[in-house]
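An overview of the molecular structure
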Amino acid sequence: MLLEMIHGIMGTTYEMLLIAAVLIQQGTQADPSQDLFCFRHHKNSAVNCTWSPSDVTPTNYTFYFQEKGSTDPTEISTCLPSLTLERKQFTAGRTYVAWVKTNGTEREESLTRLEFIIDDIVKPLSPAAVTGELIQNTPNTICIIWQKPNNLDSSKHLQFKLQYRVVGHLSWTEVPQDEIGIHATAYELENLQPFTLYEFRVQCAREGETNRRLWSEWSAVSSIRTSEDTPVRSLDLWFMHQPDLDELWMLTVLWKRLEHHQARGIIRKYTVVYGDGEMITEEAITVCCNFSLPKTTQWVNVTAHNSVGATQPAKLNLIADLPPPFNMTAHSRNHSVLVSWERPANVIPEEFVVEWYKINSEYTLDWKKVPAENVSVTLLEGLLCPLLLYRISVYTRYQAGLGGPVSTLVYTEEGVPLAGPEISILNISQTGVTLLWKDLPLDQRRGFIQYLTLYYVKNPGGLPKQKTLNLSNTLDRYTLLHLEPDSTYKIWMTASTTMGEGSKGPYLCFKTQGSKVVTWMLVALFSTSAVIGVLSFYFCRLYKQRIQSCSSFYLPQWCCQRIPDPRNSKVRDQLYDYPLNYHEAMSETVIHELEEIETEDKIEVPSTTSNNSTLAKDMGPSSSEDPYWTSCHSPLVETPPEASTCLEKKPVEEPATSTGLMVEPLSSTGYEKHFLPSEADVLKNEWQLANRKEWLGIEDDH
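Residues numbered from 1 in each chain as written. Predicted model: local features only at pLDDT ≥ 70, side-chain atom pairs only at ≥ 80, totals over all residues. Heavy atoms only, no water.

**Describing the overall build of the chain**
Across its full length, the chain holds 15 helices and 38 strands. Looking at the chain as a whole, 31% of its 702 residues qualify as buried. Nonlocal contacts in the chain, meaning residues at least 24 apart in sequence, comprise 64% of its contacts between residues at least 6 apart. Working note: accessible area of the chain is about 46,600 Å², and carbon and sulfur atoms make up 54% of it. (Helix = DSSP H or I, 4+ residues; strand = E, 2+ residues; numbered from the N terminus. Buried < 20%, exposed > 50% of the residue type's maximum accessible area, 1.4 Å probe, protein only. Contact = heavy atoms within 4.5 Å. Areas by Shrake-Rupley, 256 points an atom, 1.4 Å probe, with all protein chains shown as cover.)

Structure representation (structure tokens):
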């Protein structure tokens, strides 16, 4: 039973679909004669007839026309869906019948035939000189004026259509025909918007014409702007703090430009009135839409003026010590941002203000005011750009001041970062390296950074064995340990957001330090040597006399004596005063032979031994001023018996020579005295004091 019902329903549905298809097909095969239309451009022009083309191609058409009541039609064949008939084929005042036959099939029903009189099918031209004029003292009214077409008899009465619209709108508003009247050439449009640009057009036809095809074409579009009127609605006022040239924060009042329908004219100036509790200041400016205020300003009012009037003053109290909103959040969804908050307790603000601006860019601030009964607002797509960081803040606005703000950061849409951080090396060792990097610029983040990834590979020229390490996004440095000494590494970093990992950052290659065992051994050796050398130097200086005394028993005497360098002595320069012709005289010196005279008196001179050489030296004169002692006593040389005559201290007369050499007594200088021991030096030597008799060569009396 159920199957039969289903088959019956399906059969009925199929039949209905077939019937609908046939009806649709019949509807698409329209009879061209039903769209037959004939007209004339003016009273002496030919007759133009057109009809809809057939769906079958190619198609041959046969056009028939005859005077009404006649049985002998005129037949014209054509392959086009239009033709032109000469004026002489028709008689004025008579009625004619026309029809079309397609592909040999003739339809003779009354609906397929067209009856016309050639004087009634003249199609008028469009109205000319269509203009608009303003009417004095009526700012919302304009008068539309036009002229009748000149291709009809002036006796013909015409009907008109008028359409108008605001420039930029798509749809037209049409004035009813009965409001315009017959044979009219002007019409007043009332209740228009002030200071608004309107455009309009006019169309006409013979009085009583019902065929829409016999109406004229629309005239050319004309336009006119209505008069100004007093502005409506006060300005949308807000403020901001921004840094000035001195890196201080300055106060700026902001307002939004009035919409066209609100300004109702050209805004000529703005009046700014502000006060700080003691003094009120009023200033007029012509620049929109900000004004710098003193930092002590407590309130401000701004008014906009056009040529007719002014807006109501927009007021803003800047005292910011009232309760703010709390629990403010911002969530991105579908390329928009939902901002929500909670009202402060026990107070009712006048409204909330939501402001936003892009971080790290020009300080361009925007805001939106929300009624006090709402606790959320959606910033739709277009207000905030994707992939850019914004700071969104919420204020409470009271009549007595402001509360807040509470702020948060948000992206309307996130992406992957464009690059990774650039790495630099802070410190490097044998098995580790300390890396340092800076935060990514905001224009490269394209979202909130969730974490950083460090990649490093040893010996980048060989087979790479890449290692990764995820780091917190709050770090700006990291020490990478467990590296191999004297090895080359290549490292780079990436940043990741909720949308994924970004592009790689710049590569950095480095080499760890080699082993330092040998280096430390050399450093220790040199350090030890230096310490021993310094200690030896100070030890020698401290025990210099004792070292010299001890070494004198084991070393030759000349090794322990300080012998002056004769080249550094000035005694030679003081001994003789050579004349200028000394060298010439020396070449002429005469050598005389001296005769040795023996004296009979002999004085025994005690001989000295080498053991008393030191005593003889110490008993000599302390200076070289005595020439007798200098010439007769020579240290370490025994005096012969023949030379004992010198003990009589008889001066030896030298033969006079022609040289005139002047001999001066010797004098010791500081250089020679430097090498002579002082009494204090001798007494300081404990060993010499203890053994002074042995040191001085004095025999013991006992």
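**Section: the environment of P313**
Relative to the elements of secondary structure, P313 occurs in the loop between strand 20 (299–305) and strand 21 (314–317). Residue class for P313 comes out partly exposed when judged on its relative accessible area of 38%.

**Observations concerning the pattern of salt bridges**
Taken as a whole, this structure holds 18 salt bridges when the rule is applied. Where E67 meets R94, a salt bridge forms, and the shortest distance between an N and an O atom there is 3.3 Å. Of this pair, E67 sits in strand 3 (residues 61–67) while R94 sits in the loop between strand 5 (82–85) and strand 6 (95–102); the two residues are 27 residues apart in sequence, bridging distant segments of the chain. Taking the relative accessible area as the measure of exposure, E67 reaches 30% and is therefore partly exposed. With a shortest N-O distance of 3.9 Å, E351 and K369 are connected by a salt bridge. With a gap of 18 residues between them, E351 in strand 24 (residues 351–358) and K369 in strand 25 (residues 365–371) connect regions that are remote in the sequence. Judged by relative accessible area, which is 25%, K369 ranks as partly exposed. One network of salt bridges, in which partners are shared, links D236, K256, E350, E351, D366, K369 and R397. (Salt bridge = Lys/Arg side-chain N within 4 Å of Asp/Glu carboxyl O.)

**Looking at the side chain of R397**
Mapping R397 onto the fold places it in strand 27 (residues 389–397). A distance of 2.8 Å separates the side chain of R397 from the backbone oxygen of K315, its partner in a polar contact. Apart from residues no more than four positions distant in its own chain, R397 is found in contact with K315, L316, P349, E350, E351, V353 and L402. (Polar contact = N/O pair within 3.5 Å; in protein donor to acceptor, adjacent residues only side chain to side chain.)

**Observations concerning the sheet that holds strand 21**
An order of 18-17-20-21 is seen for the four strands of this open sheet, with the pairing classed as antiparallel. Two strands bound the open sheet, and with one partner strand each, they are strand 18 (280–285) and strand 21. Across this sheet, the average inter-strand angle for adjacent strands is 15°, counted without regard to direction. Bridge count between strand 20 and strand 21: four bridges; the pairing is antiparallel. Within strand 21, the residue paired with N301 across the bridge is K315. (Pairing = 2+ DSSP bridges. Axes fitted to C-alpha atoms, helices over the stretch in contact; angles between N-to-C directions.)

**Examining the nonpolar core**
Counting residues in each nonpolar core, the largest one holds 30 residues, and the members touching the most others are W238, W255 and V300. Counting only elements with at least two residues in this core, the list comes to strand 15 (237–243), strand 16 (249–255), strand 17 (269–275), strand 19 (290–293), strand 20, strand 21, strand 24 and strand 25. Each residue touching V300, except ones within four places of it in the same chain, is listed here: L237, V253, V272, V273, Y274, L293, A314, K315 and L316. By size, the runner-up hydrophobic cluster in this structure holds 22 residues, among which are L152, L158, F200 and I224. (Core = buried A, V, L, I, M, F, W, Y, C linked by side-chain atoms within 4.5 Å.)

**A look at the state of the cysteines**
Applying the stated criterion across every chain yields a total of two disulfides. Covalently, C38 is tied to C49 through a disulfide, its sulfur atoms 2.0 Å apart. Sign of the S-S torsion, about 110° for the bond between C38 and C49, identifies this disulfide as right-handed. Remark: C49 occurs in strand 2 (residues 47–50) and C38 occurs in strand 1 (residues 37–39); sequence separation between them is 11 residues. Of the residues examined, C38 reaches a relative accessible area of 2% and is grouped as buried. (Disulfide = S-S within 2.5 Å.)

**Looking at the pairing of strand 30 (residues 433–437)**
Along any regular strand the residues' side chains alternate between the sheet's two faces. Within strand 30, four of the five residues are buried, which leaves it mostly tucked inside the rest of the structure. Where strand 29 (residues 423–428) and strand 30 come together, five bridges link them in antiparallel fashion. Note that in strand 30 the partner of S424 across the bridge is L436. Joining the antiparallel neighbours strand 29 and strand 30 is a turn of four residues.

**Here's the deal with a nonpolar patch on the surface**
On the surface, F539, L542, Y543 and I547 cluster together into a nonpolar patch covering about 400 Å² of accessible area. Classification of I547 as partly exposed rests on a relative accessible area of 36%. (Patch = residues over 30% accessible without salt bridge, like charges linked within 9 Å, V, L, I, M, F, W, Y side chains within 5 Å.)

**Examining the environment of K458**
By secondary structure assignment, the location of K458 is in strand 31 (residues 451–458). Residues K458 and K490, 32 residues apart in the sequence, show an inter-C-alpha distance of 6.6 Å. Dropping the residues within four chain positions of it, K458 is found in contact with E484, S487, T488 and Y489.

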